[in-house]
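A structural walkthrough
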Amino acid sequence: MVDFDEVLASRHADFTGSGLKAPSLIRLGFLAVLPADRMLGVLGAVARDRHARLLQKLSDFLKP
């Protein structure tokens, strides 16, 4: 899927708060739904602007 992957690199301002230890990809094409009892904890968070951008990409894709 075009533009569905977003790199989160160590040079990005929100990398430290993400809890990741290495540059990573956020892959919107591989989302899954898990029951709350399967979630062991929270890694971290991404910046609000990145979160909004990802939600908008996903929303645009899902619109008919």
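A few points on the structure. (Residues numbered from 1 in each chain as written. Predicted model: local features only at pLDDT ≥ 70, side-chain atom pairs only at ≥ 80, totals over all residues. Heavy atoms only, no water.)

As for the pattern of salt bridges
A complete count under the given rule lists 6 salt bridges for this structure. A salt bridge links Glu 6 to Arg 50; the nearest nitrogen and oxygen atoms lie 2.7 Å apart. Of this pair, Glu 6 sits in strand β1 (residues 5-8) while Arg 50 sits in helix α2 (residues 48-62), and the two are 44 residues apart along the sequence. Across the pair, exposure class does not vary: Glu 6 and Arg 50 are buried alike. (Salt bridge = Lys/Arg side-chain N within 4 Å of Asp/Glu carboxyl O. Helix = DSSP H or I, 4+ residues; strand = E, 2+ residues; numbered from the N terminus. Buried < 20%, exposed > 50% of the residue type's maximum accessible area, 1.4 Å probe, protein only.)

Comments concerning the pairing of β1
Burial along β1 is one-sided: the face carrying Glu 6 and Leu 8 is buried and the face carrying Asp 5 and Val 7 is not. Sheet topology note: the β1/strand β2 (residues 24-27) ladder contains 4 bridges and is antiparallel. The residue bridging Glu 6 from the neighbouring strand is Ile 26, located in β2. (Pairing = 2+ DSSP bridges.)

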